[in-house]
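Close look at the chain arrangement
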Amino acid sequence: MRAPRALALLAFAAACAAPGGARRPPLPEGQGDLIVYLDPLPPAAARLALQVEGVAVVAADGPAVPLDLLLPEIQADPAPRQRILAAGHLAPGSYGALSLGFRRATLAGPGRPADLLLPSEPVRVAVPLPIERGRATVVVLSLQGPGSLEGGFAFAPSFAAAVPGAAVSQVAGYCASTAWDQVIIFDKNTRQVAGAIPVGREPRGIALDPRLPRAYVALSGEDRVAIVDVDARSVIGRIPLLPGDRPREVGVTPDGRLLVTVNTGSNTASFLDPSSTAELGRVATGEEPGFLLMEPGGRRAYVLNRRTSSITVLDLANRAVAATLRTDPEPVAVRINRALTRLYVVHGGSAYLAVFSLPDLQLLKRIYLGLGAGALAVSQRSDLLYVGRLDLERVQIFDPFSFLPLSSLGAAAPPAYLVIDEAQNALFALEPSRRAVEAIDLLGGQTLGGLEVGDDPYRVTLASEAR
């Protein structure tokens, strides 16, 4: 039985009423989440443009349930990425299909786009969708190109749908959607979504245990750290902090025995035992601490204090402050070179990159970059520096010896965070304005693909970083 067209209209009306980029309501107790992704349009449908009326999910033994429509218009994207078409909270149970209604379909041509005839009823796409309490199910839709156009005058959509398989932990990537209370999982090799985990209110920083399939997620909205079994895709514990801490970042030592959180609400850093879930101690940082960098050897960690323009250097063995470094205004990102002899810092309120020596923490030089730098990555193969600017759709590349600009890579939107996957020679850029993670080839500079990760995305963490 086909879903009534009125239900599709309900979904469309509900989506239009919600402001773009608004925070999703928390997952209600006893319900599960469904996120519907859409693959980029195939080349055969590059001239097609669609206006979606609504999306609903059809229960195996009941009526259709409208979802929140998040992508009312579909067309070819110059920087293709998997996009989130719809999402919704559902009662647990077995659902057997998706139902899609369309308002308009056009085909671009030499003149004005030509309107295509639409199907008289919503299109039903069969796919088993088990919804479990407190968990998220992801399904990916793909439009089948040539089969969806009849004679060039009718739109007869043919979709394939599948629940993606779990990404192998060694090739997984993670991004927290703070406004969705989710961690989105993707395969860093295919750049496609692999799942989602509801973790708690306002997730931000993610740290991966290098020995276990386990992640630690800073929950700013709960003053806690979630302990996540990434293979089972479930929260298996929580570590409490103090009320008002609002943890923003979390890091783990290479042996997995110590966690560090950066607590923006209380201007502190906490040392936690992940086994006992106890707080072992805390120290004061500067004001508005944000970015956290753990040294690969596990000796030190570096906390950037944006408001007081400083770096708090943490001695991890003694759980103490080892030093405080003065910086230019508003330090926003810090990285270390592969020899562990240089510390690089970029600033939101300064046009310069600062270079400190390690381990003695002496300021060596300041390099002019220009205002607007907001993201930094350093290749552990070549030592090249990659700098993203918040006002440019481009990543600049600098020589680590002369610090002269060598070239640049194009990005689909200004990047707020950068991380390099050395195995794939790919730069992953977090682009908040597109709610997306984009992968860029380091050698050729072309876009390798990407995916949307929900509203207010925060950082990108790759499993390869923890190994």
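Residues numbered from 1 in each chain as written. Predicted model: local features only at pLDDT ≥ 70, side-chain atom pairs only at ≥ 80, totals over all residues. Heavy atoms only, no water.

This next bit is on the overall build of the protein chain. Counting its secondary structure elements, the protein chain contains one helix and 41 strands. What you see for the protein chain is a C-alpha radius of gyration of 23 Å, in line with the 23 Å of a compact globule of 467 residues. Over its C-alpha atoms, taken along the principal directions, the protein chain stretches across nearly 70 × 50 × 35 Å. Put simply, the protein chain has 467 residues, and 55% of those count as buried. The long-range share in the protein chain, meaning contacts at least 24 apart out of those at least 6 apart in sequence, stands at 50%. Accessible surface for the protein chain amounts to roughly 18,800 Å². Of this, 52% is attributable to carbon and sulfur atoms. The average position of the 44 basic charges and that of the 45 acidic charges among the side chains of the protein chain differ by 1 Å. (Helix = DSSP H or I, 4+ residues; strand = E, 2+ residues; numbered from the N terminus. Rg over C-alpha atoms; globule rule 2.2 N^0.38 Å. Buried < 20%, exposed > 50% of the residue type's maximum accessible area, 1.4 Å probe, protein only. Contact = heavy atoms within 4.5 Å. Areas by Shrake-Rupley, 256 points an atom, 1.4 Å probe, with all protein chains shown as cover. Lys, Arg positive; Asp, Glu negative; His and termini not counted. Charge placed at Lys NZ, Arg CZ, Asp CG, Glu CD.)

Turning our attention to the pattern of salt bridges. By the definition in use, this model includes 28 salt bridges. A salt bridge links Arg23 to Asp181; its shortest N-O distance comes to 2.6 Å. Pair noted here: Arg23 is in the loop between α1 (5–17) and β1 (32–38) and Asp181 is in the loop between β14 (172–177) and β15 (182–187), with a separation of 158 residues, a long-range link. Residue Arg23 is classed as partly exposed on the basis of its relative accessible area of 37%. Judged by relative accessible area, which is 8%, Asp181 ranks as buried. (Salt bridge = Lys/Arg side-chain N within 4 Å of Asp/Glu carboxyl O.)

Turning next to the nonpolar core. Core analysis: the largest hydrophobic core is formed by 55 residues, its most contacted members being Ile35, Tyr37, Tyr302, Leu343, Leu353 and Val437. Sequence-distant contacts of Tyr302, defined by excluding residues within four places in its chain, comprise Phe291, Leu292, Leu293, Glu295, Ile311, Thr312, Val313, Ile336, Leu343, Leu358 and Leu361. In terms of nonpolar packing, the next biggest core, distinct from the first, is built from 35 residues, Leu38, Leu100, Leu116 and Phe159 among them. (Core = buried A, V, L, I, M, F, W, Y, C linked by side-chain atoms within 4.5 Å.)

For the coordinates displayed, the defined rule picks out six aromatic pairs. Ring geometry for Phe102 versus Phe155: centroids 5.3 Å apart, planes at 90 degrees, classification edge-to-face. Remark: Phe155 occurs in strand β12 (residues 154–155) and Phe102 occurs in strand β7 (residues 93–107); sequence separation between them is 53 residues. On the basis of relative accessibility, which here comes to 3%, the residue Phe102 falls in the buried class. A centroid spacing of 5.5 Å and a plane angle of 75 degrees characterise the contact between Tyr352 and Tyr368, whose relative ring orientation is edge-to-face. Of this pair, Tyr352 sits in strand β31 (residues 352–357) while Tyr368 sits in strand β32 (residues 363–368), placing them 16 residues apart in sequence. Classification of Tyr352 as partly exposed rests on a relative accessible area of 31%. (Phe/Tyr/Trp six-rings, centres within 6.5 Å; stacked < 30°, edge-to-face > 60°.)

Hydrogen bonds along the backbone pair up the strands of a sheet, which may run parallel or antiparallel. Here we have four strands laid out as an open sheet, ordered β16-β15-β14-β41, and antiparallel in their pairing. Two strands close off the open sheet at either side, each with one partner strand: β16 (192–198) and β41 (457–462). Strand-to-strand twist across the sheet, computed as the mean angle between neighbouring axes with direction ignored, equals 20 degrees. Bridge count between β15 and β16: six bridges; the pairing is antiparallel. Bridge pairing in β16 links Ile185 to Gly195. (Pairing = 2+ DSSP bridges. Axes fitted to C-alpha atoms, helices over the stretch in contact; angles between N-to-C directions.)

Across all of its chains, the model carries one cavity of 30 Å³ or more by this definition. What the largest cavity holds in volume is close to 30 Å³. Every residue along the wall of the largest cavity is listed here: Ala79, Pro80, Arg81, Arg434, Val437, Glu438, Thr447, Gly449 and Gly450. At the level of secondary structure, the elements contributing two or more residues to the lining of the largest cavity comprise β39 (436–441) and β40 (447–452). Here the lining of the largest cavity takes three residues from β40, the largest share from any one element. (1 Å grid on protein atoms, 1.4 Å probe; cavity = no way out; pocket = protein on both sides within 12 Å on 5 of 7 lines; lining within 4 Å. Points joined across faces, edges and corners; volume = space filled by probe spheres on them.)

Backbone torsion omega between Leu358 and Pro359 reads 10 degrees, so that peptide bond is classified as cis. Structurally, Pro359 can be placed in the loop between β31 and β32. Unlike most non-glycine residues, Arg459 shows phi in positive territory, near 65 degrees. The residue Arg459 is located in strand β41 in this model.

The next point concerns the pairing of strand β18 (residues 214–219). For β18, the buried fraction is high: five of the six residues fall into the buried class. In the sheet, strand β17 (residues 203–208) pairs with β18 via four bridges, with the strands oriented antiparallel. Counterpart to Pro203 in the pairing with β18 is Leu219. Sheet topology note: the β18/strand β19 (residues 224–229) ladder contains six bridges and is antiparallel.

Attention shifts here to the pairing of strand β24 (residues 278–284). Two strands pair when backbone bridges link them, and strand β23 (residues 268–273) and β24 are joined in this way by six bridges, in the antiparallel orientation. Note that in β24 the partner of Phe271 across the bridge is Gly281.

Right, let's talk about the environment of Leu143 for a bit. Note on placement: Leu143 falls in strand β10 (residues 136–143). Between the C-alpha atoms of Leu143 and Leu364, which are 221 residues apart in sequence, the distance is 55 Å.

Across the sheet, which stays open at both edges, the four strands sit in the order β33-β34-β35-β36 with antiparallel pairing between neighbours. Either end of the sheet is taken by a strand with one partner, and the two such strands are β33 (373–378) and β36 (405–410). Pairwise comparison of adjacent strand axes, ignoring direction, gives a mean angle of 25 degrees for this sheet. Relative to strand β35 (residues 394–398), strand β34 (residues 385–389) is paired through four bridges, and the arrangement is antiparallel. Across the sheet, Leu385 pairs through a bridge with Phe398, a residue of β35.

Position of Arg204 among the secondary structure elements: in strand β17. Contact partners of Arg204, with chain neighbours within four places excluded, come to Ala176, Thr178, Val217, Ala218, Ser220, Arg248, Asp456 and Tyr458.

Positionally, Ser309 belongs in the loop between β26 (300–305) and β27 (310–315). Residues within four places of Ser309 in sequence aside, it is in contact with Leu325, Arg326, Thr327, Asp328, Pro329, Glu330 and Pro331.

Model confidence for the protein chain is summarised by a mean pLDDT of 91, while 93% of its residues fall at 70 or above. When the criterion is pLDDT under 50, residues 1–20 qualifies, and its contacts beyond four places in sequence or with other chains add up to 36 contacts. (pLDDT = per-residue confidence, 0-100.)

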